[in-house]
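Each chain, letter by letter, is given below.
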Amino acid sequence: MTELGAAAWPPAPIRTERLVLREPESRDRAAFIELISSPEVGACIGGPRPRDECERALPETPERRPGLFVIELDGAVIGTIELNRRDAERRSHVRPDAGEAELGYLLLPEAWGHGYAAEACVAALGWFADALPGEPVVLCTQTANDRSMRLAAQLGFTEVQRYEAWGAEQWAGVWSLVTPSGRGF
């Protein structure tokens, strides 16, 4: 990932009504392995990774990755959320030079359906908008992922394109606090 520009990292933990978004720590490793090896989570991102592969690949101490937050509920990790600069070779771009930020999130299946993803995304997008005013954010998901499609609409992402990748139709949308007329929402 490339840096998020002028955004200071790590920020103080972000607290919402029910959640805490914070930088990952070594104590989060087991939750990361559970998340990445989950068949339900993997179905949304091209397939789960085998648990033993995750055990070998994930370092004991997480690398510092600006834009990566752990989502915590009552002291337990329930997922991750990330704002990550997109590579130039990605299929969808909202800026001619690419490099836009992309929102991504993964939650453990037991956390699905409780509004945690929406709450975490609103908090992360708010942090991003404060840190990098006017920067657009892209969200990509499979069109078959009904929950992510509904969340994208709820968050105010606007479709910019659909394309085929990883054997499925993908949807790309953009979010910005500034409307085309220049007025904020």
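Structural data are supplied above this passage.
All figures in this text were calculated on a predicted structure; none of them were measured in a lab. (Residues numbered from 1 in each chain as written. Predicted model: local features only at pLDDT ≥ 70, side-chain atom pairs only at ≥ 80, totals over all residues. Heavy atoms only, no water.)

Novice: So what exactly am I meant to see when it comes to the pattern of salt bridges here?
Specialist: Where charged atoms from two side chains of opposite charge approach closely, those side chains can pair. Enumeration according to the criterion identifies 13 salt bridges in this entry. For the salt bridge of Asp-52 with Arg-56, the shortest nitrogen-to-oxygen distance reads 3.6 Å. Here Asp-52 pairs with Arg-56, and both are found in helix α3 (residues 51-57), just four residues apart, close to one helical turn. Residue Asp-52 is classed as partly exposed on the basis of its relative accessible area of 46%. Taking the relative accessible area as the measure of exposure, Arg-56 reaches 63% and is therefore exposed. (Salt bridge = Lys/Arg side-chain N within 4 Å of Asp/Glu carboxyl O. Helix = DSSP H or I, 4+ residues; strand = E, 2+ residues; numbered from the N terminus. Buried < 20%, exposed > 50% of the residue type's maximum accessible area, 1.4 Å probe, protein only.)

Novice: Teacher, can you tell me more about the sheet that holds strand β5 (residues 101-107) here?
Specialist: Strands in a sheet are paired, the pairing made by backbone hydrogen bonds, and the direction either parallel or antiparallel. In space, the eight strands of this open sheet follow the order β1-β2-β3-β4-β5-β6-β8-β7, with mixed pairing throughout. What marks the edges here is a single partner per strand, and that holds for β1 (14-15) and β7 (158-165). In the sheet, strand β4 (residues 76-85) pairs with β5 via seven bridges, with the strands oriented antiparallel. Across the sheet, the residue bridging to Thr-80 is Leu-106, located in β5. The strands touched by helix α1 (residues 29-37) are β3 (68-73), β4 and β5; relative to β4, the strand with the most contacts, the crossing angle is about 75 degrees. (Pairing = 2+ DSSP bridges. Contact = heavy atoms within 4.5 Å. Axes fitted to C-alpha atoms, helices over the stretch in contact; angles between N-to-C directions.)

Novice: What am I meant to see in the packing of aromatic side chains here?
Specialist: We describe a pair of aromatic rings using the distance from one ring centre to the other and the angle between the two ring planes. For the coordinates displayed, the defined rule picks out three aromatic pairs. For the pair Trp-9 and Phe-69, a centre-to-centre distance of 5.0 Å together with 70 degrees between the ring planes defines the contact as edge-to-face. Linking Trp-9 in the segment before β1 with Phe-69 in strand β3, this pair joins segments that are 60 residues apart in sequence. Like Phe-69, Trp-9 is buried. With centroids separated by 5.4 Å and ring planes inclined at 85 degrees, the aromatic side chains of Phe-69 and Trp-127 adopt a geometry described as edge-to-face. (Phe/Tyr/Trp six-rings, centres within 6.5 Å; stacked < 30°, edge-to-face > 60°.)

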